[in-house]
Amino acid sequence: MFELSTVSRLLGREFNGYLRIRLPHELDSVVVSVVEDYRGGADATRSQILDRITPRVAGVLSCYGQRAASMAVRTQSVDILMGGLIAMGLADGRLEDYRSNLIVLAAVNHSADVLGRSMGELLDVVGPDLPTGAQATFRDFDARQPRDKSLQSMGLRVIGSGDTFLYR
């Protein structure tokens with residue numbers, strides 16, 4: 001059952017430094033719960049969730065996108081990666097700096113490639129669950145030249161492999 005308090009939990013101090021917290025972590029389940037509530041919700045529920053997303057909450061959701069990209073590679077799970085894309089979609093348009101999501105999209109794009117998929121294929125699946133603006137932003141990113149959406153172009157790199165795989 002959907003509870004607005006779940007969205008509010010993303011404002012908590014425990015999410016300070018969220019990107020640097022070990023993977024996996026129990027805080028990830030809070031973000032996953034928000035994504036699942038949104039994804040499974042009726043239009044009214046989706047609107048309520050979007051209305052509660054402040055810039056701080058958006059930052060947590062965007063960070064989860066990068067964490068999900070790392071976990072997707074570790075576990076070979078496209079579902080985790082799609083959840084990360086939806087979290088980023090909820091953050092889109094609400095971040096203090098929209099470029100934060102663009103950086104994370106490079107990790108998602110790379111992760112999709114590692115998993116033998118394209119970001120376009122993932123967007124075809126999750127597109128109906130993304131807010132309209134996010135769909136357009138993510139499709140525009142996907143249409144970029146490979147060099148313009150690479151990890152290197154966004155200042156990211158891969159660290160580790162297997163159970164220690166991580167985007168930084």
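Above: the structure in question.
Right, let's walk through the structure included here. (Residues numbered from 1 in each chain as written. Predicted model: local features only at pLDDT ≥ 70, side-chain atom pairs only at ≥ 80, totals over all residues. Heavy atoms only, no water.)

Per the secondary structure count, the protein includes 8 helices and 2 strands. Scanning the protein from its N terminus toward the C terminus, one meets helices and strands in the order α-α-α-α-α-α-α-α-β-β. What you see for the protein is a C-alpha radius of gyration of 15 Å, in line with the 15 Å of a compact globule of 168 residues. With the C-alpha coordinates aligned to their principal axes, the bounding extent of the protein is approximately 40 × 30 × 25 Å. Here the protein, with 168 residues, has 50% of them falling under the buried criterion. Of the contacts formed within the protein by residues at least 6 apart in sequence, a portion of 69% connects residues at least 24 apart. On the protein, the mean spot of the 19 positive side-chain charges and the mean spot of the 20 negative ones are 7 Å from each other. (Helix = DSSP H or I, 4+ residues; strand = E, 2+ residues; numbered from the N terminus. Rg over C-alpha atoms; globule rule 2.2 N^0.38 Å. Buried < 20%, exposed > 50% of the residue type's maximum accessible area, 1.4 Å probe, protein only. Contact = heavy atoms within 4.5 Å. Lys, Arg positive; Asp, Glu negative; His and termini not counted. Charge placed at Lys NZ, Arg CZ, Asp CG, Glu CD.)

Here Leu 102 lies in helix 6 (residues 99-114). In this view, Leu 102 contacts Thr 137, Phe 141, Arg 144 and Met 154; residues no more than four positions away in its chain are not counted.

With that settled, consider the side chain of Asp 129. On the secondary structure map, Asp 129 appears in the loop between helix 7 (119-126) and helix 8 (132-142). At a separation of 2.6 Å, a polar atom in the side chain of Asp 129 contacts the side chain of Arg 46. (Polar contact = N/O pair within 3.5 Å; in protein donor to acceptor, adjacent residues only side chain to side chain.)

Residue placement: Ser 77 occurs in the loop between helix 4 (55-75) and helix 5 (78-91). Looking at Ser 77, the relative accessible area reads 16%, which means it is buried. Among the polar contacts listed, one links the side chain of Ser 77 to the backbone nitrogen of Asp 79, at a separation of 3.4 Å. Sequence-distant contacts of Ser 77, defined by excluding residues within four places in its chain, comprise Ala 72 and Leu 115.

Moving on, we come to helix 7. Buried within helix 7 we find Met 119, Gly 120, Leu 122, Leu 123 and Val 126. Along the axis of helix 7, the buried residues cluster in a sector spanning 160°; they form a single face. Buried residues belonging to helix 7 abut helix 2 (26-40), helix 5, helix 6 and helix 8. (Arc of directions from axis to C-beta.)

As enumerated under the stated definition, the model contains 1 cavity of 30 Å³ or more in all. Counted as a void, the largest cavity has a volume near 40 Å³. Lining the largest cavity are Leu 19, Leu 23, Gln 66, Arg 67, Ser 70, Leu 166, Tyr 167 and Arg 168. Secondary-structure elements contributing two or more residues to the lining of the largest cavity are helix 4 and strand 2 (166-167). Residue composition of the lining of the largest cavity, by class: 4 nonpolar, 2 polar and 2 charged. (1 Å grid on protein atoms, 1.4 Å probe; cavity = no way out; pocket = protein on both sides within 12 Å on 5 of 7 lines; lining within 4 Å. Points joined across faces, edges and corners; volume = space filled by probe spheres on them. Nonpolar A, V, L, I, M, F, W, Y, C, P; charged D, E, K, R; others polar.)

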